[in-house]
Amino acid sequence: MEKALLGGGCFWCIEAVYNRVVGVQSAISGYAGGARKNPSYEQVCSGATGHAEVVEITYDPSMITYEEILEIFWVIHDPTTLNAQGADRGTQYRSVIYYYDEVQKAKALSSIAEVQKQWNDPIVTELSPAPEFYPAELYHQNYYSEHPTQGYCHVVIGPKIEKFVRKFGDKVKRG
């Protein structure tokens, strides 16, 4: 198994999609990139810790590649908005790719260059070495699956899942 660490706005959205991807063993919502150890959701939301909401993705590279993980990432969020996704605003909602080694860094740089061709505005996704990852509180894990009729889930997360399914139907877990 290998890991990817990505932030693209609210972690509920990113986690909900990657938990549906063939080859992904787990997608865990959490925090990374800030100064405070073991931050709480409230501390991260204040913007004072410097953390981003991220998802730690554990995947089987024989079933899905790192490049495919990134390809999905570009489709399910807007990498051209600085510190924001939709109505969510603040540095904790920044677009970020944390890499675990130089191979991931090179693949991410190549992916950014390729996807930039599809956008008029510049890609503002941060690319940095993976810092310590802190899992979010339990009530954040599998949020969409636990609360599918909640307003945010219905209006924001649901359409992202639908977009993923339409674009990457062959990568959707069945059953």
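Structure's up top.
A short tour of the structure in this document, coming up.

Definitions and cut-offs
The residue count restarts for each chain, going from 1 along the sequence in the order it is written. With the structure being a predicted model, the display of local features is reserved for residues of pLDDT at least 70 and the display and counting of side-chain atom pairs for 80 or more, all residues being used for whole-chain, interface and lining totals. Side-chain numbers come from the whole structure's heavy atoms, not from hydrogens or water. Here the term buried applies to any residue with accessible area under 20% of the maximum for its type, exposed to any over 50%, and partly exposed to those in between, with areas from a 1.4 Å probe on protein chains only. Helix and strand assignments follow DSSP, with helices taken as H or I runs no shorter than four residues and strands as E runs no shorter than two, numbered in order from the N terminus. One requirement defines pairing of two strands: DSSP has to find at least two bridges between them. The handedness rule is simple: strands pointing away from the viewer, and a clockwise path from the first strand over the helix to the second, make the crossover right-handed. Here an axis means a line fitted to C-alpha atoms, over the contact stretch when the element is a helix, while the angle between two N-to-C directions is reported on a 0 to 180 degree scale. Residue contacts are defined here by distance: any two heavy atoms, one from each residue, within 4.5 Å place the two residues in contact.

On to the pairing of strand β6 (residues 95–99). Two faces, one strand: in a regular strand the side chains alternate between the faces of the sheet. Among the five residues of β6, five are classified as buried, and the element is accordingly described as predominantly covered. Because side chains alternate across β6, one face comprises the buried residues Ser95, Ile97 and Tyr99, and the other comprises Val96 and Tyr98, equally buried. Alignment of strand β1 (residues 2–8) against β6, held across four bridges, turns out to be antiparallel. Residue Gly7 lies in a different strand from β6, and its bridge partner there is Val96. As for the winding sense of the linkage, the β-α-β connection from β6 through helix α4 (residues 102–116) to strand β7 (residues 126–129) is right-handed.

An order of β7-β6-β1-β3-β2-β8 is seen for the six strands of this open sheet, with the pairing classed as mixed. Only two strands of the sheet have a single neighbouring strand rather than two, namely β7 and β8 (133–135). Shown here is a sheet whose adjacent strand axes are inclined to one another by a mean of 35°, direction ignored. Strands β1, β3 (52–59), β6 and β7 of the sheet are contacted by α4, whose axis makes an angle of about 150° with β6.

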